[in-house]
Amino acid sequence: MLLPIIDISNQPLSIDFIKSLDLIGEIILRIPDFNNTSLLTQFLETYQLDKYWLFPIKEIVPNDIENIIQFLDQGAQKVVIPASNILTNDSISTLPADRLAVNINSSELCNEELSKKLAGLVSGYLVTDVDLESISGKFFQDLSNFIQNVQKTSDVLTKFGIILQHEKSEIKYSLNLVQHLSTISADLVVPIKNLTLDSDNNSLLSVADALTCTLTSDRPDGLFTTIVVDERGVALGVVYSSTESVREALKTRKGVYQSRKRGLWYKGATSGSVQELKKIDADCDGDVLKFTVKQFGTGFCHLNTRTCFGGSKGLTALEETLQSRKVSAPPGSYTQRLFQNPDLLRSKIMEEADELCSATTKENIAWETADLLYFALVKCVANDVSLTDVEAHLDKRAKKVIRRPGNAKPQWDISAKKTMEIDGDTKDKQIPISKSDTIKMQKFKLSEIDSIKRTSLLKRPIINSDDIMARVRPIINDVRNKGDAAIIEYTAKFDKVQLNTPVISAPFPPEAMALDDVTRRAIDQAYDNIYKFHDAQYDRSTLVVETMPGVVCSRFSRPIERVGLYVPGGTAILPSTTLMLGIPAKVAGCKEIIIASPPRKDGTVVPEVLYVAHKVGASKVLLAGGAQAVAALAYGTESVPKVDKICGPGNQYVTAAKMFAQNDSSAMISIDMPAGPSELLVIADNTSIPTYVASDLLSQAEHGTDSQVVLIGVCLTPEHLANIEREIHEQASRLPRVDIVRESISKSFILQVNNMNEAMKFSNDYSPEHLILHIDDAEKWVNAVENAGSVFIGAYSPESCGDYASGTNHTLPTYGYARMYSGVNTLTFLKHITAQKLTKQGLKDLGHTVMRLAEIEGLEAHRNAVHVRIRDLENE
Ligand SMILES: NC(=O)c1ccc[n+]([C@@H]2O[C@H](COP(=O)([O-])OP(=O)(O)OC[C@H]3O[C@@H](n4cnc5c(N)ncnc54)[C@H](O)[C@@H]3O)[C@@H](O)[C@H]2O)c1
Ligand SMILES: N[C@H](CO)Cc1c[nH]c[nH+]1
Ligand SMILES: [Zn+2]
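The structure displayed is predicted, hence computed values, not measured ones. (Residues numbered from 1 in each chain as written. Chains lettered and ligands numbered in written order. Predicted model: local features only at pLDDT ≥ 70, side-chain atom pairs only at ≥ 80, totals over all residues.)

1. Here's the deal with the overall build of the protein chain
Regarding its fold elements, the protein chain presents 31 helices and 29 strands. Relative to its full complement of 876 residues, the protein chain shows a buried share of 36%. (Helix = DSSP H or I, 4+ residues; strand = E, 2+ residues; numbered from the N terminus. Buried ≥ 20, exposed ≤ 12 C-beta atoms within 10 Å, placed from the backbone.)

Below you can see the structure in the form of structure tokens.
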């Protein structure tokens, strides 16, 4: 174990260098004091160290204690304080001994009184003021006596280090001495100067040397036996290391070892089972190394098992099984059912927790705990949380100096309930289930997550398309074979509506589209705005370009003749989607517009939808939803004419049916895009108004339990973030669709970033359906948007305006497809036809080029079509 010292005021230090030190030891951070800690906070945020001690230059005063506790709670291993300071300042002795170290100078080593007083109060010693040039046998003797005194009087596990000064007062490097006391000498010390040259590889090499020069090998070939363990400490296998392989491991931050037969061994280079290096530790007597890694691929062993000692067991095995079920599960898999049904999972977790509380025997408690762990782990895996993530929290909590009182929340507080009953208030005897739990998004800091986590945040919830396709295929086949009868059958099955006839044709009965004035005026205004914006998109002119004299190319557009527009209606009725699809189709001049939407419970069409259908000139409305509606539009039935293109959003069955029909050449159909569950990404800074930010997030979260909303907070103060979170909870709790929101919000997340560039980079990688810029100077950042369906600029542009009435379209690409698809627009309903006209001279001039290219391709008939004409022209 090395204790390298870094002076945090020497910034900026190379990240690679610091990370390498962090991989091999506990870094001692030299800080000015605990009074002004902004530099330290910034340093910790930048370098994200795994293990570090804090070593202030100034003495501790009582006012510092609160800050010290805060840093210990945040993850500092120890605070190093001058011995005299500890003995005279009572408030310091209130800090736990396992989190305190002292620095003493070499003359204090022979002070037996001091060692006795300090023993038990602290768990670390840094000997300072040691001059490397004059280090002598006396120093080592004093140190040895001191250590023995301490160990005699204290049972606290203690670490010792010396800080050597080499050139004048420069701080050099410290080594843990406990194991190496007998062998320590100046040449075992790697001056810090060599380690801090710069960020190039040479400095990294020195870090490896610093580690291995403290080791001894018990092998004739000088290699170090190396145990490889996963992040949870499970042994994967045994290998060997050399200084060179450690250098490579630190340089690449991967598992690199020394094969006894083949030299340097980059684990996984051929098999793909690579490892991300997390830590290198030396054992207690410095002759064995331990590499902690994150293992990828099939596993560590060449026999394709995870470990060289066979397959996994217990929680590790369960986690592996759940992860593989998430990717693909055998038919009828219960775990798969849990992944797909969060309500069921929630109920099972509650049920098992309750059963565990009632269990009394040893066997029963073990049994119920196993049940609860299974369901808890399903929840984790469903949300990309690993056992390592869970254990990291446990470790972090174990380090907390301040403990929470641990009282139960009111709704779970059985003793309080009992008291209420005794007091005669039995109104609320039943312990309510967690309906009143805070509605909150998960939270991450970009600087704290690794690239794997970042990638997982960019992903949308996995849809098992095989499973959905398997459900959709028979529905489509039935509609193809049985026509209207199948539509009626499936509408009865899925929508619980018995239809007589599935279609109503224009002219639609006025009473079926009668609206009150306010509603009609709202739809009319929305219609006018959307029409205006989509009409402006239509360039009706013909594009004409003379590419060379006598060669004229042109392009003109024509509407797609027959289009089917799917208007979702499962959980919400969406007349607005009728506007968004119908208006561009009308503007484009489509001759036949057929609208499909699930019927109301009484078997009728929503009057608002019918009113819009009438306004856009639809010829028919199909009273059906889901795959059966898409199939009817794609293949046609007795009463539904087949269309050429199907547009519109919908749930996973609708999307799967559209994809199926598009891939079936016998359907001869195209689709707009895969538009699935609604999404919103908000970028907010401290100028944003929490009420607005929360309201926007909730506006999309209420669409469905599968909607995903993301908040990227740019340098948000803790207070601002807390205000947004409070608003989310309070506004959500008042919504009629609170149950939907509770679920979608719990799957959504907040990502805190340090600047707008990070925010825009994440947003572009995520490619959201909707992007809201709740930031200062929002307009300026529009230039940086690379991928998004639609952008909403500034505090007064809520996404709802784009959903309904401002003019832009709300049928937009989701699931990251904004990377390559546009939202629905007038061009969606047009196709472009190109034409050309060549004059005689034009053909003469271009002909030889065409003939040569046809010759290269060996297509003689192509060449001849030009040749016969040129021959005639040359004879003219
Ligand atoms: N991206 C966009 O532009 C946009 C716009 C509006 C809505 N949306 C999204 O569209 C979706 C609408 O979904 P919805 O469910 O409310 O309505 P929907 O109309 O898409 O689906 C309802 C239909 O699904 C079918 N169905 C239901 N359960 C089924 C099952 N088990 N097997 C086979 N078929 C089944 C039924 O026939 C029902 O009519 C939401 O996810 C919403 O977020 C997206
Ligand atoms: N926001 C949805 C598209 O993702 C569209 C919509 C319709 N009604 C309300 N919103
Ligand atoms: Zn919406």
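2. Some details on helix 23 (residues 652–663)
With twelve residues, helix 23 extends 16 Å between its outermost C-alpha atoms, agreeing within 8% with the 16 Å of an ideal straight helix rising 1.5 Å per residue. Here helix 23 lies mainly inside the structure; nine of its twelve residues are buried. Among all positions of helix 23, only Q652, Y653, V654, T655, A656, A657, K658, F660 and A661 are buried. Close packing links the buried residues of helix 23 with helix 17 (465–482), strand 19 (562–566), helix 22 (626–635), strand 22 (645–647) and strand 23 (670–671). (Expected span 1.5 Å × (residues − 1). Contact = placed C-beta atoms within 7 Å.)

3. Structural notes on the sheet that holds strand 20 (residues 592–596)
The six strands lie next to each other as 16-21-20-19-22-23, forming an open sheet whose pairing is mixed. Pairing within the sheet leaves two strands with one partner each, and these edge strands are strand 16 (503–505) and strand 23. Pairing analysis gives five bridges linking strand 19 to strand 20, with the strands arranged parallel. Among the inter-strand pairings, R562 is bridged to a residue of strand 20, identified as E592. (Pairing = 2+ DSSP bridges.)

4. Remarks on helix 20 (residues 575–588)
If you check helix 20, its first and last C-alpha atoms are 20 Å apart, about what 14 residues at 1.5 Å a residue would give, namely 20 Å. Most of helix 20 sits inside the fold, with 14 of its 14 residues counted as buried. Downstream of helix 20 by one or two residues, G589 has phi in the positive range, about 95°.

5. Focus on the site of ligand 1
Around ligand 1, a shell composed of 30 residues is seen, among which G570, G625, G626, P649 and G650 lie nearest. In this structure, the shell around ligand 1 is formed jointly by two domains, domain 4 (465–671) and domain 5 (679–807), each of which donates at least three residues. (Near = placed C-beta within 6 Å. Domains from an automatic or database assignment.)

6. A few points about the sheet that holds strand 15 (residues 442–445)
Strand order in the open sheet made by the six strands is 15-26-25-24-27-28, with parallel pairing throughout. Every other strand in the sheet has two partners, leaving strand 15 and strand 28 (790–793) as the edge strands with one partner each. Strand after strand, the sheet turns through a mean of 15° between neighbouring axes, direction not considered. Here strand 24 (residues 679–684) pairs with strand 27 (residues 770–774) via four bridges, running parallel. Bridging across to strand 27, A684 finds its partner in H774. (Axes fitted to C-alpha atoms, helices over the stretch in contact; angles between N-to-C directions.)

7. A few points about the environment of F43
Its place among the elements puts F43 in helix 2 (residues 38–47). In this structure the C-alpha to C-alpha distance between F43 and L29, which are 14 residues apart in sequence, comes to 9.7 Å.

8. Observations concerning the site of ligand 2
Every residue near ligand 2 is listed here: L574, S576, T577, S678, Q700, E769, D803 and H810. Per-class residue counts for the shell around ligand 2 are one nonpolar, five polar and two charged. Counting contributing residues, the shell around ligand 2 receives three or more from each of domain 4 (465–671) and domain 5 (679–807). (Nonpolar A, V, L, I, M, F, W, Y, C, P; charged D, E, K, R; others polar.)

9. Side note on unusual backbone geometry
The linkage connecting A506 with the following residue, P507, adopts the cis geometry, with an omega of -5°. Locating P507 in the fold gives a position in the loop between strand 16 and helix 19 (517–536). Residues other than glycine seldom take positive phi values, yet Y815 does so here, at roughly 65°. According to the C-beta neighbour criterion, Y815 is buried, with 21 such atoms within 10 Å.

10. Brief notes about the packing of helix 12 (residues 342–358) against helix 13 (residues 362–382)
Where helix 12 contacts helix 13, the axes come no closer than 9 Å and their chain directions differ by 155°. Judged on the interaxial angle alone, helix 13 and helix 12 are roughly antiparallel. Helix 13 is crossed by helix 12, and the crossing has left-handed handedness. Every residue of helix 13 that contacts helix 12 at L345, K348, I349, E352, A353, E355 and L356 is listed here: I365, E368, T369, D371, L372, F375, A376, V378 and K379. The residue inventory of the contact of helix 12 with helix 13, partitioned by class, reads nine nonpolar, one polar and six charged. (Parallel < 35°, antiparallel > 145°, perpendicular 65-115°, else oblique. Left-handed = near helix turned anticlockwise from the far one by under 90°.)

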